[in-house]
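Listed here are the chains, written in short residue letters.
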Amino acid sequence: MAGNIPGAAAAVRPVQSSRAATEASWVKWLLIAAAVLVLLWLILLPLGVVLTQALKKGWEVYISALTDPDALSALRLTLLAALITVPLNTVFGVAAAWAITKFKFKGKGVLITLIDLPFAVSPVIGGLIFVLVFGANGWFGPLLADHDIKIIYAVPGIVLATLFVTFPFVARELIPLMEDQGSQEEEAAITLGAKGWVVFTRVTLPNIRWGLIYGMILCNARAMGEFGAVSVVSGHIRGETNTLPLHVEILYNEYQFSASFAVASLLLLLALATLLVKSFYARKNVH
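Residues numbered from 1 in each chain as written. Predicted model: local features only at pLDDT ≥ 70, side-chain atom pairs only at ≥ 80, totals over all residues. Heavy atoms only, no water.

A. Up close: the UniProt feature "domain: ABC transmembrane type-1" (unreviewed entry) in the protein chain. When the UniProt feature table is mapped onto this chain numbering, "domain: ABC transmembrane type-1" (unreviewed entry) sits at residues 75–278. Within the segment residues 75–278, helix and strand shares are 79% and 0% respectively, and the terminal C-alpha atoms sit 22 Å apart. (UniProt positions renumbered as here; feature names shortened; annotations may be inferred. Helix = DSSP H or I, 4+ residues; strand = E, 2+ residues; numbered from the N terminus.)

Shown next as structure tokens:
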């Protein structure tokens, strides 16, 4: 009958749409509330605890913990490791993404799998690999000892471990981006007589610059916060091979809770600075 009454179907549709919109709105706010609760419980609450515990005994204790020579040494080593690994991983990531997306060759799937390996392997296992290779009883241990070269329990081992856990970030950010863009623009530039380096700097790099910056920021954040792999190869030598995460662990194990939370808050501030830079470039990319 309704089909024979003019406007009956039109009269039913608004009611159905209104109910659907009401249900969707209810579900939407429920999901938002659940997400906010999870963020509060798992992220904001622990961060608040870190800050309150860091300042629990006052600013003098807080500043003293941050200006301690061992803390300053850990900060310098953390920044040094990031300063070395980020440029190296950037070069590797761009080269790997270029090769995978612009060329066809045997073993491409193997290369992609190897790039993803640090995501699948525990960082502790990654650090152990370097100990087995470069340690005193490792494959190259005797040779390194003969030439008085120390990698494990020294700065080079920390840099290698950090390189291992961070090298997928830039490549993994660029590969899908460059695959989506295709190679038409590069082929057109080559047809017009442009050489390889000119094609890269004038065509490819401008198209991938935001993805490249984003990958570098993620790589830097992981480099500064890495614990597992670095813990295995560092030897925990105070004032020499401790990064900031390792220094936090040592202070906490020594029951210096205020000092450990103070140093942890420094890591937190570095992470927040990284997120602000990431958000800034993300907004610029959108606009």
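B. Seen up close, unusual backbone geometry. The residue His 236 is not glycine, and still its phi comes out positive at about 55°. Tracing the backbone shows His 236 in the loop between helix 11 (228–234) and helix 12 (244–253). Of note, the phi angle at Tyr 255 is positive, near 65°, even though the residue is not glycine. Within the fold, Tyr 255 resides in the loop between helix 12 and helix 13 (257–286).

C. View of the packing of helix 9 (residues 184–191) against helix 10 (residues 196–225). It is the contact of helix 9 with helix 10, at a shortest axis distance of 10 Å, that shows an interaxial angle of 165°. As far as their axial angle goes, helix 10 and helix 9 are roughly antiparallel. When you trace helix 9 past helix 10, the crossing you get is right-handed. In this structure, helix 9 uses Glu 185, Glu 186, Ala 189 and Ile 190 to contact helix 10, whose residues at the interface are Val 199, Val 203, Thr 204 and Asn 207. Grouping the constituent residues of the contact of helix 9 with helix 10 by class yields four nonpolar, two polar and two charged. (Axes fitted to C-alpha atoms, helices over the stretch in contact; angles between N-to-C directions. Parallel < 35°, antiparallel > 145°, perpendicular 65-115°, else oblique. Left-handed = near helix turned anticlockwise from the far one by under 90°. Contact = heavy atoms within 4.5 Å. Nonpolar A, V, L, I, M, F, W, Y, C, P; charged D, E, K, R; others polar.)

D. Expanded view of the packing of helix 7 (residues 155–166) against helix 10. Running from N to C, helix 7 and helix 10 point in directions that differ by 135°, and their axes come no closer than 9 Å. As far as their axial angle goes, helix 10 and helix 7 are oblique. As for how helix 7 packs across helix 10, the hand of that crossing is right-handed. Across the interface between the two elements, Thr 162, Val 165 and Thr 166 from helix 7 touch Cys 219, Arg 222 and Ala 223 from helix 10.

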